[in-house]
Every structure is written in structure tokens, then in C-alpha cells.
Amino acid sequence: MHRDPDAPAPRIRAATAADLAAIVTLHARARAAYARARVPDAPFDTPAEHARGHTLWDRVLDREDTPVLCAERDGTVIGAAAYRRRADPDTVTLHQLHVDPAHWGTGVGRALHTACLHAWRTAGCSRAALDVLWHNRRARTFYARLGWQPDPARRPAPDATHLALMLTL
């Protein structure tokens, strides 16, 4: 996608139930964009995918232990992130970070990530973890630029579909 250095910084805020439809739509668009690179003919933007996304995000937004942030520009939700602390109170897991493909390269993902870092540090976390799809090179590059590294305690199996990453806060 394109980089727009003049794009206004997104506003990051706590997501609410009113954001559900927008988050589901941007997640479906993002998933379709990165997955089509691997499976070009698969139908990613279907009613079944939207229903699955709706169920997923409805559950996430309903959980008190899973903060959800959203990024918006001009009143439109264009990104979302969700995280949860692990049983180990020093570690947080980033479960979701998605940006509408029309806004890739405009600082939305970085702004969401920065807001997550601030929340995690404020909560006293010293480590963050996430799993990224192995074939999603764009996401892997994004996280590497932000300091995430493969988790040496969770080496992928030869047939793994995900790569475990960690970040010291």
C-alpha cells in the first residue's frame, strides 16, 4: 500500500460495543489482503467470514480482562488491537492488531502499538508476546521493526503456521 507522511495521526481510544461492526469489517479486509498473497482464490470476504469475525470480536469486546483499543481518523475506525495479561502477571499477550488495508503505511499500526506499549508499561508488565502467521511477511516485518524477536522458548515446529514473538518492555 502507500505511505502518506501527511496523513493525520489517528486518534487512539478504548473500543466500545458500538465499534463492533467497524472492527469486524476492517479485520475481514485486513485478513483478506494478507491471506490473498498466499491463497489468491480463497473467498475471504464472505458472509460466513463476517459472521465468524462478529462472534470473535463480540466476545473480545465483552471480556473485562481483554482491553480493546481502536484507531480512528475523521470519526472512522481504521484499526483495532486487543491484548490480555497471562497467568504470569509480568507478561501480556497481544492477540489482535489489525489495520484497514486502505490505511496501511500511514502510521495507524504504529500508533496502536505505541498505545499498547504505554498501557502495558503502566500496568507493570515487563514482557509481551504474540503469535504471527508465518506467511504474513508484512506483519513479521512490522513487528521486527518495533523490536519483537522470535521467542527462544517457543521454537516453531517444521510445519508451524505461526511464529511466536516476544518483546522486552
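Everything in this summary refers to the structure shown in the same document. This one's a predicted model, so the numbers in the text were calculated from it and none came from an experiment.

### Some remarks on the overall build of the protein chain
Stage number 1. Within the protein chain, the secondary structure is distributed over 4 helices and 7 strands.
Stage number 2. For the protein chain, the sequential pattern of α-helices and β-strands runs β-α-α-β-β-β-α-β-α-β-β.
Stage number 3. By its C-alpha atoms, the protein chain is 35 × 35 × 35 Å across when sized along the principal axes.
Stage number 4. Buried residues in the protein chain amount to 41% of all 169 residues.
Stage number 5. Sequence-distant contacts in the protein chain: of pairs separated by 6 or more residues, those separated by 24 or more amount to 62%.
Stage number 6. If you sum the accessible surface of the protein chain, you get close to 9500 Å²; carbon and sulfur atoms cover 52% of it.
Stage number 7. Of the charged side chains in the protein chain, 23 are positive and 18 negative, and the gap between their average positions amounts to 6 Å.

### What about the environment of Leu97?
Stage number 1. By the element assignment, Leu97 lies in strand S4 (residues 91–99).
Stage number 2. Sequence-wise, Leu97 and His27 are 70 residues apart; in three dimensions their C-alpha atoms are separated by 8.8 Å.
Stage number 3. Once residues lying within four places of it in the same chain are set aside, the contact partners of Leu97 are Ala80, Ala81, Gly109, Leu112, His113 and Tyr143.

### Here we look at the pairing of S4
Stage number 1. Burial runs high along S4: 8 of the 9 residues are buried.
Stage number 2. With 7 bridges joining them, strand S3 (residues 76–85) and S4 adopt antiparallel strand pairing. Each bridged residue has a counterpart across the sheet, and for Ala82 the counterpart in S4 is Gln96.
Stage number 3. Here S4 runs beside strand S5 (residues 127–133); their pairing, made up of 3 bridges, is parallel. By the bridge assignment, Val92 is partnered in S5 with Ala128.
Stage number 4. Note that the unit made of S4, helix H3 (residues 108–122) and S5 has a crossover that is right-handed.

### A word on the side chain of His98
Stage number 1. By secondary structure assignment, the location of His98 is in strand S4.
Stage number 2. Judged by its relative accessible area of 9%, His98 falls in the buried class.
Stage number 3. Side chain to side chain, His98 and Gln96 meet in a polar contact 2.5 Å long.
Stage number 4. Not counting residues within four places of it along the chain, the set of residues in contact with His98 comprises Leu26, His27, Ala30, Tyr34, Trp57, Ile78, Gly79, Ala80 and Leu112.

### Brief notes about the sheet that holds S3
The strands that make up a sheet pair up through hydrogen bonds in the backbone, lying either parallel or antiparallel.
Stage number 1. Here we have 7 strands laid out as an open sheet, ordered S1-S2-S3-S4-S5-S7-S6, and mixed in their pairing. Of all the strands in the sheet, just strand S1 (11–14) and strand S6 (149–150) have a single pairing partner and so form its edges.
Stage number 2. In terms of strand pairing, S5 meets strand S7 (residues 162–168) through 7 bridges, oriented antiparallel. Residue pairing in the sheet places Asp131 in a bridge with Ala164 of S7.
Stage number 3. In the packing of H3 onto the sheet, contacts are made with S1, strand S2 (68–73), S3, S4, S5 and S7, and the angle to S4 comes to roughly 160°.

### Focus: the nonpolar core
Generally speaking, soluble globular proteins have nonpolar side chains that are buried together.
Stage number 1. Residues Leu94, Leu112, Trp120, Tyr143 and Trp148 are the most contacted members of the largest nonpolar core, which totals 27 residues.
Stage number 2. Of all elements in the fold, only S2, S3, S4, H3, S5, helix H4 (137–145) and S7 reach the threshold of two or more residues within this core.
Stage number 3. Excluding anything up to four places from it in sequence, Trp148 contacts His113, Trp120, Ala128, Ala129, Leu130, Tyr143, Leu165, Met166 and Leu167.
Stage number 4. Listed in part, the 12 residues of the second largest apolar core include Ala15, Leu26, Cys70 and Ala82.

What counts, and at which threshold
Think of each chain on its own: its residues are numbered from 1, step by step along the sequence as written. Only residues with pLDDT of at least 70 get local features here, since the model is predicted, and only at 80 or more are side-chain atom pairs given and counted; chain-wide, interface and lining totals rely on the full set of residues. Side-chain metrics rest on all non-hydrogen atoms present in the structure, leaving aside hydrogens and water. The helix and strand labels rest on DSSP assignments: H or I over at least four residues marks a helix, E over at least two residues marks a strand, and numbering proceeds from the N terminus. Partly exposed residues are those whose accessible area sits between 20% and 50% of the maximum for their type, while under 20% is buried and over 50% is exposed, using a 1.4 Å probe and protein chains only. Two residues form a contact once any of their heavy atoms are found within 4.5 Å. For the accessible areas, the method is Shrake-Rupley and the probe is 1.4 Å, while residue cover comes only from the protein chains on display. Only four residue types enter the charge count, namely Lys and Arg as positive and Asp and Glu as negative; His and the chain termini do not. By convention, the charge on Lys lies at NZ, on Arg at CZ, on Asp at CG and on Glu at CD. A strand pair is defined by DSSP finding two or more bridges across the two strands. Handedness of a crossover is defined as follows: orient the strands so they point away from the viewer, and if the path from the first strand over the helix to the second runs clockwise, the crossover is right-handed. Throughout this description, a polar contact denotes any pair of N or O atoms lying within 3.5 Å of each other; where both atoms belong to protein, one of them has to be capable of donating a hydrogen while the other can accept it, and for residues adjacent in sequence the pair is counted only when both atoms sit in side chains. Note on method: axes are straight lines fitted to C-alpha atoms, helices fitted across the in-contact stretch only, with angles between N-to-C directions ranging 0 to 180 degrees. In these notes, a set of buried Ala, Val, Leu, Ile, Met, Phe, Trp, Tyr and Cys residues joined through side-chain atoms within 4.5 Å is what counts as a nonpolar core.

Geometry only, nothing functional implied.
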